[in-house]
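Understanding the architecture of this molecule
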Amino acid sequence: PSDEGEVVTLNASFTDAGQEAGQVYQVWIDWGDGTASTVQQLPAGSTTISATHTYKDDNPTNTKFDRYTVRLEVFDGSLQSDVETREQEVRNVEPD
């Protein structure tokens, strides 16, 4: 779990049995909260992902926490893809 306003880091790695020399991958991360997706192009041969996101004030309001489905999709050079999802719990923080 994380708190509203706190930076969340997503770290992941993957394997590609058909990986070709110099293969480049594109990564899409949907954080599940309606904000723009994070898009990364990984350097040739890289299979490690790291991205950060900050969840703003909770939605709906007046709840102790909210759960968001984070969707990670990796595309290879021939546009084949694989998808993984995880839940992220974000705790409500009292306003200052």
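As a starting point, this report considers the structure included with it. (Residues numbered from 1 in each chain as written. Predicted model: local features only at pLDDT ≥ 70, side-chain atom pairs only at ≥ 80, totals over all residues. Heavy atoms only, no water.)

1. Let's talk about the pairing of strand β6 (residues 65-75)
Applied cut-off: Here, any two strands with at least 2 DSSP bridges between them count as paired. We count a stretch as a helix when DSSP gives it H or I for four or more residues in a row; a strand needs E for two or more, and each element gets its number in order from the N terminus.
Sheet topology places strand β3 (residues 25-30) next to β6; five bridges connect them, and they run antiparallel. In the strand pairing of β6, glutamine 26 is matched with phenylalanine 75. Note that β6 and strand β7 (residues 81-91) share 11 bridges and pair antiparallel. The residue bridging arginine 67 from the neighbouring strand is glutamate 89, located in β7. In this structure, the hairpin formed by β6 and β7 is closed by a connection of five residues, where leucine 79 is found at a positive phi of approximately 65 degrees.

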